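Below, each chain spelled out in residue letters.
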Amino acid sequence: MAPQIVAVNNGGGDYPAKLTKQVVFCSLIAAFGGLMFGIVASKCCQKFGRKPAMQMAAFFFLVGVALNSFAVNINMLIVGRLCLGAGVGFGNQAVPLFISEIAPAKYGGGLNVCFQLLITVGILIANILNFFTSKIHPYGWRISLGGAAVPAIFLGLGSLLIVETPTSLIERGKEEQGLRALQKIRGVEDVHKEYQEIQHAVEMAKKVERPFKNLWRSNKPQLLCGIVLQICQQFTGINVIMFYAPVLFQTMGFGGDASLISAAIAGTINSGATLVAVFGVDKFGRRKLLIQAACQMLITQCMTRAILSTYLKSSNAIPMPWPYIVVVLICLFVMGFAWSWGPLGWLIPSEIFPLETRSAGFCVAVFTNMLCTFIIGQFFLSTLCYMRSGIFFFFAACIVIMGSLAVLFLPETKGVPIDEMNEKVWKKHYFWKHYLPRDDDSSHVTKECA
Ligand SMILES: OC[C@H]1O[C@](O)(CO)[C@@H](O)[C@@H]1O
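Residues numbered from 1 in each chain as written. Predicted model: local features only at pLDDT ≥ 70, side-chain atom pairs only at ≥ 80, totals over all residues. Heavy atoms only, no water.

- Per an unreviewed UniProt entry, the protein goes by the name Major facilitator superfamily (MFS) profile domain-containing protein and belongs to Penstemon davidsonii.
- Word for word, the UniProt comment on the protein under Subcellular location (unreviewed entry) is "Membrane". (UniProt positions renumbered as here; feature names shortened; annotations may be inferred.)

If you want it as structure tokens, here you go:
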């Protein structure tokens, strides 16, 4: 995730002006790469395991970093961004799955949120790095882009140290290793009950011939919730803030440095508030956080729009103290996102699917996320020219819709073991239970098993 920010923030800095548009395009190429490689990553996760998928992510990141930081022409930047996107595709697929499969149910939510926490830390470090490298001419941007090698090396080395998930080992016929891995991660010898549950889930999964096809047939509720959550996460407008915060702050009259500092403050709040989710998600539950944050984000979006539209009409800069108030509002917006839709957009899709469609279902969710990131990044600037500050109303309307959807349709999954979701959550939900196949309907399994 972080590299997207690196390139965009450098867009107006060291590159010649005529390249700026191409640089923004380059940054979106990463989202496109993530989109394309997400499907390959899903297959890799299933066939070879979560660990090799992480190693692939690290490999693609390093190739992308090398191409980008030593780029001598735009084509190297484009191919480099594509590789970074592939890394994002593999990482986004493997890491949340890995975490949800090794985490005990009690702490599953909090541990999973660490994924988003590290994304936000990455963004923050990238913003701070940009602040300093923007002063190093003429190759500061090369250092910025090269900085992405550090997390890639951590990911690569880290993936050599971890154990493969018991689920993935058992799924690939390595029962003995799966048992040992489970004993190792739980730290006890007696893991019989959990081992049997995983084995049962794997047996059920093996009966399913085509997981992608089965998604719609057997897991409509989970699929719809997974997709809609990702659309909602991106249509909060978070990446407008993440990608363009320095530009927005400059428009309000802050100088270049002040704008980057304000963006770094928003980034710090992003990471800090994600910590609230790490501890809060298994305590308050998913729904409460999502609904509370929707209200907070709605109010801050509307107030930002009101201030911008009042003052930007009459002059090019906003009089004091309004720019500071806008910074505070944006920080409150980011805060709301960071303890709710940001992390839960990943957590919920990683825990709601049964094993047989988990990797495929999560793949569709990741695909949707990257697609929406791409769409928003691609169209934001032209939409901004057309709608001006009205763009904040557009996102406010999206937040009203997503808040309502969460109230009406999203079941609570707090504390439910990942392999018991179907029985305990979906089959009991007032609305979704009508959209699950009946227990006697075996059309979704292979002929020989049916
Ligand atoms: O923290 C903000 C970041 O989080 C994401 O939504 C991913 O979960 C990114 O698209 C965004 O840049």
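### Thoughts on the overall build of the protein
Okay, step 1: The number of helices and strands found in the protein is 20 helices and zero strands.
Okay, step 2: Long-range contacts, defined here as pairs at least 24 residues apart, represent 79% of the contacts in the protein between residues at least 6 apart.
Okay, step 3: For the protein, the accessible area works out to roughly 19,700 Å², and carbon and sulfur atoms hold 69% of it. (Helix = DSSP H or I, 4+ residues; strand = E, 2+ residues; numbered from the N terminus. Contact = heavy atoms within 4.5 Å. Areas by Shrake-Rupley, 256 points an atom, 1.4 Å probe, with all protein chains shown as cover.)

### Section: the site of the ligand
Okay, step 1: Close contacts around the ligand come from Q116, T120, I123, Q233, Q234, I238, N239, N270, F337 and W346, and that covers them all.
Okay, step 2: Take N239: an N or O atom from its side chain is 2.5 Å from an oxygen atom of the ligand.
Okay, step 3: With respect to the ligand, the side chain of W346 contributes an N or O atom lying 2.6 Å from an oxygen atom.
Okay, step 4: Within the complex, the protein chains bury 100% of what would otherwise be the 320 Å² of accessible surface of the ligand. (Near = heavy atom within 4 Å. Polar contact = N/O pair within 3.5 Å; in protein donor to acceptor, adjacent residues only side chain to side chain.)

### Here's the deal with the environment of G173
Okay, step 1: With respect to the secondary-structure elements, G173 resides in the loop between α8 (166-171) and α9 (175-186).
Okay, step 2: Using a relative accessible area of 43% as the deciding quantity, one classes G173 as partly exposed.
Okay, step 3: Between the C-alpha atom of G173 and that of T383, which follows or precedes it by 210 residues, the distance is 51 Å. (Buried < 20%, exposed > 50% of the residue type's maximum accessible area, 1.4 Å probe, protein only.)

### A short note on the packing of α9 against helix α10 (residues 192-206)
Okay, step 1: Two elements in contact, α9 and α10, have axes separated by 10 Å at closest approach and are oriented at 135°. The angle between the axes of α9 and α10 places the two elements in the oblique class. For the pair α9 and α10, the crossing hand works out as right-handed. Across the interface between the two elements, E175, G178, L179, L182 and R186 from α9 touch E194, Y195, I198 and Q199 from α10.
Okay, step 2: Broken down by class, the residue content of the contact of α9 with α10 amounts to four nonpolar, two polar and three charged. (Axes fitted to C-alpha atoms, helices over the stretch in contact; angles between N-to-C directions. Parallel < 35°, antiparallel > 145°, perpendicular 65-115°, else oblique. Left-handed = near helix turned anticlockwise from the far one by under 90°. Nonpolar A, V, L, I, M, F, W, Y, C, P; charged D, E, K, R; others polar.)

### Structural notes on the state of the cysteines
Okay, step 1: A complete count under the given rule lists zero disulfides for this structure.
Okay, step 2: C44 supplies the cysteine sulfur nearest to C45, a cysteine that is in no disulfide, at a spacing of 6.1 Å.
Okay, step 3: Of the cysteine sulfurs around C302, a residue in no disulfide, the closest is that of C295, at 11 Å.
Okay, step 4: Residue classification places C302 among the partly exposed positions, given a relative accessible area of 28%. (Disulfide = S-S within 2.5 Å.)

### Observations regarding the pattern of salt bridges
Okay, step 1: Across all of its chains, the model carries 11 salt bridges by this definition.
Okay, step 2: When the shortest N-O distance is used, the salt bridge between E101 and R50 registers 2.7 Å. In this pair, E101 sits in helix α4 (residues 74-102) while R50 sits in helix α3 (residues 50-69), placing the two residues 51 residues apart along the sequence. Here E101 matches R50 in class, with each residue buried. (Salt bridge = Lys/Arg side-chain N within 4 Å of Asp/Glu carboxyl O.)

### Considering the packing of aromatic side chains
Okay, step 1: Inspection of every chain in the model, using the stated rule, returns 14 aromatic pairs.
Okay, step 2: Judged by centre distance (5.4 Å) and plane angle (55°), the ring pair of F37 and F60 falls under tilted. Of this pair, F37 sits in helix α2 (residues 20-48) while F60 sits in helix α3, placing them 23 residues apart in sequence.
Okay, step 3: On the accessibility criterion, F37 (26% relative accessible area) is partly exposed.
Okay, step 4: By relative accessible area, which is 15% here, F60 ends up buried.
Okay, step 5: Pairing F431 with Y435 gives two aromatic rings, centres 5.1 Å apart and planes at 35°, and the pair type is tilted.
Okay, step 6: Residue Y435 is classed as partly exposed on the basis of its relative accessible area of 39%.
Okay, step 7: A network of ring pairs unites the aromatic residues F409, Y430, F431, W432 and Y435 as a single cluster. (Phe/Tyr/Trp six-rings, centres within 6.5 Å; stacked < 30°, edge-to-face > 60°.)

### A few points about the side chain of Q296
Okay, step 1: Looking at the secondary structure, you find Q296 in helix α15 (residues 286-314).
Okay, step 2: Residues contacting Q296, with those up to four places away along its chain left out, are L332, M335, G336 and W339.

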